Amino acid sequence: METLIEGINLVKQYGEDSETVVAVNDVSISINAGELLVIMGESGSGKTTLTSILGCILQPTSGRLIINGTEIDYKTLDLSLIRRKSVGFVFQLFNLIPYLTALDNVTIAMNIGGIKGQEAENKAKELLAQVGLSERLNHRPSQLSGGEQQRVSFARSLANDPLIVFADEPTANLDSKNSASIMDLIESLCRKHNTAFAVVTHDMRLRQKADRIIEMTDGRLINEERKNSC
Amino acid sequence: MRSIFLKDMAYKKARVVLTIISVACLVMLILLMGGMMNALTMQAKDYVMSVDKQAKTGVVWLSTERSGSTFAGFSLLDSEYLEVLKLAKGVDKDIPLSPLIFAQARPIINGKEKKAIVVGYKLGRLGGPSEQDINDTTSPFYPITGRLFQPSEYEGPEYTPPAEVVVDEKTGLEIGQTVELSGKPLKVVGKTKGHLFVFDTPLLFVDLRTAQNTVLSNVLYVNTMLVKAEEGYNESTLAGEIKNISPIRVDAHTGNQIVKIILANYVDEPMKGVRALRALLWIATGLIVAMITYMTTLEKTREIGVLKAIGASDKYVISMILKQVLLTTLAGVILGILLAVVSARFFPIMVSISLREPLIVAIITIAVCSYGGYVAAKRAATVDPMIAFRGR
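Definitions and cut-offs
Residues numbered from 1 in each chain as written. Chains lettered and ligands numbered in written order. Predicted model: local features only at pLDDT ≥ 70, side-chain atom pairs only at ≥ 80, totals over all residues. Helix = DSSP H or I, 4+ residues; strand = E, 2+ residues; numbered from the N terminus. Rg over C-alpha atoms; globule rule 2.2 N^0.38 Å. Buried ≥ 20, exposed ≤ 12 C-beta atoms within 10 Å, placed from the backbone. Contact = placed C-beta atoms within 7 Å. Nonpolar A, V, L, I, M, F, W, Y, C, P; charged D, E, K, R; others polar. Axes fitted to C-alpha atoms, helices over the stretch in contact; angles between N-to-C directions. Parallel < 35°, antiparallel > 145°, perpendicular 65-115°, else oblique. Left-handed = near helix turned anticlockwise from the far one by under 90°. Core = buried A, V, L, I, M, F, W, Y, C linked by C-beta atoms within 7 Å. Domains from an automatic or database assignment. pLDDT = per-residue confidence, 0-100. Expected span 1.5 Å × (residues − 1).

Undergrad: Is there a simple way to think about the overall build of chain B in this case?
TA: In terms of helices and strands, chain B carries 9 helices and 13 strands. Its C-alpha atoms give chain B a radius of gyration of 30 Å, clearly above 21 Å, the size a compact globule of 392 residues would have. Principal-axis analysis of the C-alpha atoms gives chain B an extent of 100 × 45 × 35 Å. Counting across all 392 residues of chain B, residues that qualify as buried make up 43%. Contacts in chain B between residues far apart in sequence, at least 24 positions, make up 77% of those at least 6 positions apart.

Undergrad: Honestly, the overall build of chain A in this entry has me stumped. Any pointers?
TA: On a plain count of helices and strands, chain A comes out with 7 helices and 10 strands. Rg of the C-alpha trace for chain A: 17 Å, near the compact-globule value of 17 Å for 230 residues, within the 12% margin. In terms of overall dimensions, chain A has a C-alpha envelope of 50 × 40 × 40 Å along the principal axes. Per-residue burial for chain A yields a buried fraction of 51% across its 230 residues.

Undergrad: It is not clear to me how the interface of chain A and chain B should be interpreted in this structure. Could you clarify?
TA: Accessible area lost when the parts come together is the quantity often used to give the size of an interface. Of the residues lining the interface, 25 residues belong to chain A; the matching set on chain B comes to 21 residues. For the side of chain A that touches chain B, the secondary structure elements donating two or more residues are helix 1 (47-54), helix 2 (79-85) and helix 3 (102-113) of chain A. The dominant element in the side of chain A that touches chain B, judged by the number of residues it contributes, is helix 3 of chain A, at 6 residues. Residue classes in the side of chain A that touches chain B are distributed as 11 nonpolar, 7 polar and 7 charged.

Undergrad: Explain the packing of helix 1 (residues 4-11) of chain B against helix 7 (residues 314-345) of chain B to me, please; I cannot follow it from the model alone.
TA: Think of two packed helices as two axes; the pair is described by the angle between the axes and how far apart they sit. All names here are of chain B. Where helix 1 contacts helix 7, the two axes come as close as 9 Å, and the packing angle between them is 55°. Taken together, the axes of helix 1 and helix 7 lie oblique to each other. The two elements helix 1 and helix 7 meet at a crossing, and its hand is right-handed. Between helix 1, through Ile4, Phe5, Asp8 and Met9, and helix 7, the contact on the second element is made entirely by Met320, Lys323, Gln324 and Leu327. Its residues assigned to classes, the contact of helix 1 with helix 7 comprises 5 nonpolar, 1 polar and 2 charged.

Undergrad: Looking at this structure, I do not really get the nonpolar core. What am I missing?
TA: In summary, soluble globular proteins display a tendency toward joint burial of nonpolar side chains. Val106(A) and Val227(B) are the most contacted members of the largest nonpolar core, which totals 173 residues. Here this core gets 19 residues from one element, more than from any other, and that element is helix 2 (residues 13-55) of chain B. Two domains each provide a minimum of three residues to this core, namely domain 1 (4-40 + 271-390) and domain 2 (43-264) of chain B. Every residue in contact with Val106(A), bar those within four places of it in the chain, is listed here: Ala124(A), Leu127(A), Leu128(A), Val152(A), Ala155(A), Arg156(A) and Ala159(A).

Undergrad: Would you explain the confidence of the model for chain B in this entry?
TA: Do not read the predicted coordinates in detail wherever pLDDT is low. Residue and element names in this part refer to chain B. Per-residue confidence for chain B gives a mean pLDDT of 89; residues scoring 70 or more make up 98%. Predicted confidence in chain B is weakest over helix 9 (residues 387-390), with a mean pLDDT of 79, and strongest over strand 5 (residues 116-121), with 96. For this predicted complex, the interface confidence comes out at an ipTM of 0.91, alongside a pTM of 0.77.

Undergrad: When you look at helix 7 of chain B in this model, what are you seeing that I'm missing?
TA: What sets the pattern is the α-helix's 3.6 residues per turn: residues three or four places apart point alike. Residues and elements named next belong to chain B. Across its 32 residues, helix 7 extends 47 Å between first and last C-alpha, which sits within 8% of the 46 Å expected from 1.5 Å per residue. Burial in helix 7 covers these residues: Val317, Met320, Ile321, Gln324, Val325, Thr328, Thr329, Gly332, Val333, Gly336, Ile337 and Ala340. On its buried face, helix 7 is in contact with helix 1, helix 2, helix 5 (255-299), helix 6 (301-309) and helix 8 (356-381).

As structure tokens, then:
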């Protein structure tokens, strides 16, 4: 299977000397195209830090990151370009822009990625239809439920046809029913778009749907469970 | 999709409107201050330039030696003693010398003491309107309604001149009314329009003898003598030559020098504070816009973090904020210009806003506010996209 992202000996330290906290400690990991990867672990185990490094939001203290065969040179490369073109994000707190409608929240991501006008609007409508929000296009986040906001967030993450979507505890702020619905949505989007999903979660239900599960403790990968490939 | 920056502004419209109003008020104040200084400058120049224009050739203004001119210090001249100057080289032979009194006074107008400038001159000489100015649209003293005062016929100390005055319409007096000057009633026989000295001080034109009889307590002196240069003769040369004629000891200034003296004494010096205040207002405008932009961006830290996390570059964030700053400032500047133009009509002293002034104010205000906004936007662009994850 094609490797999309490869992190080699990744380390992320915060602070200096006796104050040093090692959030990610010598982690090597690869993520394949179209794979649904679940990252589990206790709070503070380094899951979010690892996904931030893999998603090119955070620069590691040491180690190498290869995305789609190209090694990231942090000194010369504009990381925002990679985030625009290759990566999508879904956040725990939804993080929709409050003054934009659901449609605009998806369109803005396309505008940033260079798709504009009617093309962007049509594509945004299509994505929102896929997440079941065709009837809520012109609603602002404050007019949507938590589950609906997270669906918009998933539509936004797919706006620029990324190679991979990183979802950071996407169900943590949702009730059980909405969580289950979002789990189904993740699986369906992963299979339909053939986009890799790396989901940080504590929700055991997603284990059933995942292709691979990795567990982290104290910044290290301690366990890897491979199930099936999508 | 309408631009994100417009949607953001629409979402926070109360704040945007308040910012626009703040900028507009400051721009209005800046323009009114500038307009006030313009009006002062115009008024400071008006009388001297009018006399220069009336003479057609150059005029030399004589005053007591080292007085710095009538407009800056105390000057008293014996006009008869200076009569010899009419024979000097370069002096016009038709109207060689024009005795003049230009003095601040406190006449009683409509029962109230008001400030005014009394201009005493001889009809037919330089210094004030003449008969031919009544119908001459090119005359610097046009328009004149009514008639001019009766000229005095005799110049001795016992003589009582015709008690008549031509006033500027700013005094609010009508023809036939009376104005009291140094306890003596003068009948208004004519009116001029727009002849004011600095701070909207109206001019009262009277016969020279009337001026001596009132503001100089009947002393038969003048405070200025105007020497008209003959055609083709340079007024600066004439002024230089008069200063060297022995034993006459006077200050001799050209019209341009007198204008500079008036501007220095009545406009530049008193307006120093206003100019400084104007500069401070500009800084305040920039700071207000920068602070509001900065405070707004602080509130939007998470939004900016999210935009950066989904791929927005620093340039995108800066441009989004700068567009808001530019639009807000532009709206504030336009509103400020409109408010200034409207309020100038009701301002207690004359305000003259030129066409160029709003343009300059707009350019400087937009530049200052853009710089303030840019500093805030640069700061906003440093937001770490990690904030999108857990809000910290």
